[in-house]
Amino acid sequence: MRFRVRIDGQPPGAAHGADVDDEGNGTAAEPRLHQLIRQPGPITDRTFEITFSDPGVQAYAFTFG
């Protein structure tokens, strides 16, 4: 299942997690915890957005911190 993440409407760049590239693209191939964002530097309030490109995805847990 393909997905894309954005921070404040932009690709995450250097803030991408292990399961996402710097453009914000990723694939969920199995049910597990995926690291989407790893924000470097000072932590500030952000708007996080995830868009699933394929049907049938069920996301039920997000952790922050």
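First things first, this report covers the structure right here in the doc. (Residues numbered from 1 in each chain as written. Predicted model: local features only at pLDDT ≥ 70, side-chain atom pairs only at ≥ 80, totals over all residues. Heavy atoms only, no water.)

## Some details on the overall build of the protein chain
Our working rule: Put simply, DSSP H or I for four residues or longer makes a helix, DSSP E for two residues or longer makes a strand, and each gets a number counted from the N terminus. Burial here depends on accessible area, computed with a 1.4 Å probe over protein chains only, as a share of the maximum for the residue type. Under 20% is buried, over 50% is exposed, and the range in between is partly exposed. Accessibility throughout is a Shrake-Rupley quantity obtained with a 1.4 Å probe, and a residue counts as covered only by protein chains that appear here.
In terms of regular secondary structure, the protein chain is built from zero helices and three strands. In the protein chain, the succession of helices and strands from N to C terminus is β-β-β. Dimensions along the principal axes, computed over C-alpha positions, put the protein chain at roughly 35 × 20 × 20 Å. When the 65 residues of the protein chain are sorted by exposure, 20% land in the buried category. Just so you have it, the protein chain exposes about 4,900 Å², and 51% of that area is on carbon and sulfur atoms.

## Digging into the side chain of aspartate 19
In plain terms, the rule: Two N or O atoms count as a polar contact when they lie within 3.5 Å, although within protein this holds only if one can serve as hydrogen donor and the other as acceptor, and sequence-adjacent residues are included solely when both atoms are side-chain atoms. What makes two residues a contact is simply this: any of their non-hydrogen atoms within 4.5 Å.
Checked against the element boundaries, aspartate 19 lands in the loop between strand 1 (2-7) and strand 2 (25-27). There is a polar contact of 2.7 Å between the side chain of aspartate 19 and the side chain of arginine 32. In contact with aspartate 19, other than residues within four places in its own chain, are Phe3, Asn25, Gly26, Thr27, Arg32, Leu33, His34 and Gln35.

## Notes on the pattern of salt bridges
The following threshold applies: The term salt bridge refers to a pairing of a side-chain nitrogen on Lys or Arg with a carboxyl oxygen on Asp or Glu at a separation within 4 Å.
Scanning all chains against the criterion turns up four salt bridges. Of the charged contacts in the structure, one is a salt bridge between arginine 2 and aspartate 54, with a shortest N-O distance of 2.9 Å. Residue arginine 2 is located in strand 1, and its partner aspartate 54 is located in the segment after strand 3 (48-52); the two are separated by 52 residues in the primary sequence. Among the residues examined, arginine 2 registers a relative accessible area of 46% and is labelled partly exposed. You can call aspartate 54 partly exposed: its relative accessible area is 22%. One salt bridge connects arginine 32 with glutamate 30, and the closest N-O pair in it is separated by 3.8 Å. Residue glutamate 30 is classed as partly exposed on the basis of its relative accessible area of 48%.

## Focus on the layout of surface pockets
Over the atoms rolls a probe the size of a water molecule, and in doing so it shows where empty space is left. The cut-off we apply is this: Cavities and pockets were defined on a 1 Å grid built from protein atoms only: a cavity is a group of points that admits a 1.4 Å probe but offers it no way out, a pocket is an open group of points flanked by protein on both sides within 12 Å along at least five of seven lines, and a lining residue is one with an atom within 4 Å of any such point. Grid points are joined across faces, edges and corners, and a volume is the space filled by probe spheres set on the points.
By volume, the largest pocket is sized at about 1,200 Å³. Along the walls of the largest pocket sit 30 residues, with Leu33, His34, Leu36, Phe62 and Thr63 positioned nearest its centre. Of all the elements in the fold, those that place two or more residues in the lining of the largest pocket are strand 1 and strand 3. Counting residues per element, the lining of the largest pocket draws most heavily on strand 3, which supplies three residues.

## Some words on the environment of isoleucine 43
Checked against the element boundaries, isoleucine 43 lands in the loop between strand 2 and strand 3. Given a relative accessible area of 65%, isoleucine 43 falls into the exposed group. Considering only alpha carbons, one finds isoleucine 43 and valine 5, 38 residues apart in sequence, at a separation of 18 Å.

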